[in-house]
Each structure stands twice: as structure tokens, then as C-alpha cells.
Amino acid sequence: MNGGAEVFCGRENFSVDAREIAAVLDFLRGNAPWEFPEGTLSVAFLGDDEICRMHGEFLADFSKTDVITFPGDEIFSAPRERANENAVPAHDESADDEAFAGEICVCVDQSLRVARELNVAPADELLLYLVHGWLHLAGFDDIADEDRRAMRAAEKTALALLRGNGLAPLKTATFPQ
């Protein structure tokens, strides 16, 4: 991944191997059918307090949420598909390493709640949030119904790609009890 990934675990009693997260993001950047912004990607795994504060500060909504995505230097206004399946990855290895692709802030506590409700593994729900944030940076939105349907289809495609290449489910995530 041009610029790499910076991973921060800000939720007490939660951990995940940054190399696993970087591998997931690197794989998506190089193999998913959508272009992705250049540069370093920041990922923060946070608790309810932090995500609510950010949600309120930046989006004027202090409620709990699953993921908040902040665009970086290059902003895609819509998803852009690669030319073909054999295309060279969208990023340019010679691009400026100082470029910033964006930040994905994932709520660990929300993944635990929803996983219990849906009877799925918390690591699977957390990976869905990570993919969802990544897709926002790739130009997807989920406000309007039509956009939400496109986002859900893209999530399924990305998760299937990850599963098919041994990158899902997340193996190193440990959650608070």
C-alpha cells in the first residue's frame, strides 16, 4: 500500500495486530474492483465515548455509530471501477509517500453490540465496519436508498474477496469481556 497504514487501538482491552489490518487494506487497495486514494491510511479502533465525541464534533450527532470516515487529500465523489480485472493496481508506487488517503474510525463497542444482536462473531462485524469505511474512501456513500444498495453490494464483494484470499475473518482481534 503506497504510504502504508497506521493503526491505533484506543479502546481499552481491545487489540488487533496492525499487520493483519494492513494486509486487509493492502489487499483491498490492490485487488478490489474500485480505485482508492493515494497515500497513508489511518485506522483507529475506538470505544463509545470517543466515537460519540467525534460523531458530535464533526457531524453534529452525538449518538453512537459504527464507523466514521474522514477523506484525505484526494476525494472521490463516486466509486470508480478499475478498467478490467487484470489492471495494474490503481495506486502509483512512485507517488509522494506524504499523501494522506484518509482515516477510518471504527467503534469496537458497536461491533460487540451488533454481533450479539445478529449472533455473529465480533471480529466479522468489525471487519465489515473496516470495509465499509474503506468503501467510503473509494467513493461510496450510503445516504440515499440507491447508494445504500450499492454500498451493501460492494461490501459483499469486498468481504468475499477477503474470505477467498484467507484475510477474513480477522484472526488477531481480541475484544473486552
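Residues numbered from 1 in each chain as written. Predicted model: local features only at pLDDT ≥ 70, side-chain atom pairs only at ≥ 80, totals over all residues. Heavy atoms only, no water.

**Q** I would appreciate a short explanation of the confidence of the model for the protein chain in the present structure.
**A** The predicted coordinates of low-pLDDT regions are not to be read in fine detail. With 88% of its residues at a pLDDT of at least 70, the protein chain reaches an overall mean of 89. Between residues 85–95, whose pLDDT stays under 50, and residues either more than four places distant or in other chains, the model counts 14 contacts. (pLDDT = per-residue confidence, 0-100. Contact = heavy atoms within 4.5 Å.)

**Q** Would you mind going over the packing of helix 3 (residues 108–118) against helix 4 (residues 122–137) with me for this structure?
**A** Between two packed helices, both the angle of their axes relative to each other and the distance between the axes serve to describe the pair. Relative orientation of the contacting elements helix 3 and helix 4 amounts to 125 degrees, with a least axis distance of 8 Å. By the criterion of interaxial angle, the relationship of helix 3 to helix 4 is oblique. Handedness of the helix 3/helix 4 crossing: right-handed. When helix 3 is examined against helix 4, the residues V108, Q110, S111, L112, V114, A115 and L118 are found in contact with a partner set consisting of P122, E125, L126 and Y129. Here the residues of the contact of helix 3 with helix 4 sort into eight nonpolar, two polar and one charged. (Axes fitted to C-alpha atoms, helices over the stretch in contact; angles between N-to-C directions. Helix = DSSP H or I, 4+ residues; strand = E, 2+ residues; numbered from the N terminus. Parallel < 35°, antiparallel > 145°, perpendicular 65-115°, else oblique. Left-handed = near helix turned anticlockwise from the far one by under 90°. Nonpolar A, V, L, I, M, F, W, Y, C, P; charged D, E, K, R; others polar.)

**Q** Is there a simple way to think about the environment of L127 in this case?
**A** Relative to the helices and strands, L127 resides in helix 4. Separated by 35 residues in sequence, L127 and L162 have C-alpha atoms that sit 9.9 Å apart. Leave out the neighbours within four places in its chain, and L127 touches V24, L159, L162, L167, A168 and L170.

**Q** Please explain the pairing of strand 2 (residues 40–46) as it appears in this structure.
**A** Consecutive side chains along a regular strand alternate between the two faces of the sheet. For strand 2, the buried fraction is high: seven of the seven residues fall into the buried class. A two-sided burial pattern is seen for strand 2, the buried positions comprising T40, S42, A44 and L46 on one face and L41, V43 and F45 on the other. Strand direction decides the pairing type here: strand 1 (residues 5–9) and strand 2, joined by five bridges, are parallel. Bridging across to strand 2, V7 finds its partner in V43. Regarding topology, helix 1 (residues 18–31) serves as the crossover connection from strand 1 to the parallel strand 2, and that connection is left-handed. The pairing of strand 2 with strand 4 (residues 100–107) spans seven bridges and is parallel. The partner of L46 across the bridge, within strand 4, is C107. (Buried < 20%, exposed > 50% of the residue type's maximum accessible area, 1.4 Å probe, protein only. Pairing = 2+ DSSP bridges. Right-handed = clockwise from strand over helix to strand, strands pointing away.)

**Q** Just checking my understanding: could you explain helix 2 (residues 48–59) for this structure?
**A** Side chains of residues three or four places apart in an α-helix project in the same direction, reflecting 3.6 residues per turn. With twelve residues, helix 2 extends 15 Å between its outermost C-alpha atoms, agreeing within 8% with the 16 Å of an ideal straight helix rising 1.5 Å per residue. Considered for burial, the residues of helix 2 that qualify are D48, I51, C52, M54, H55 and G56. Check the buried side of helix 2 and you find it contacts strand 2, strand 3 (67–71), strand 4 and helix 3. Looking one or two residues past helix 2, A60 carries a phi angle of roughly 55 degrees, positive in sign. (Expected span 1.5 Å × (residues − 1).)

**Q** I'm lost on the side chain of H132 in this one. Help?
**A** Within the fold, H132 resides in helix 4. Using a relative accessible area of 8% as the deciding quantity, one classes H132 as buried. There is a polar contact of 3.0 Å between the side chain of H132 and the side chain of D142. Residue contacts for H132: discarding those within four places in its chain leaves V67, D142, M151, R152 and E155. (Polar contact = N/O pair within 3.5 Å; in protein donor to acceptor, adjacent residues only side chain to side chain.)

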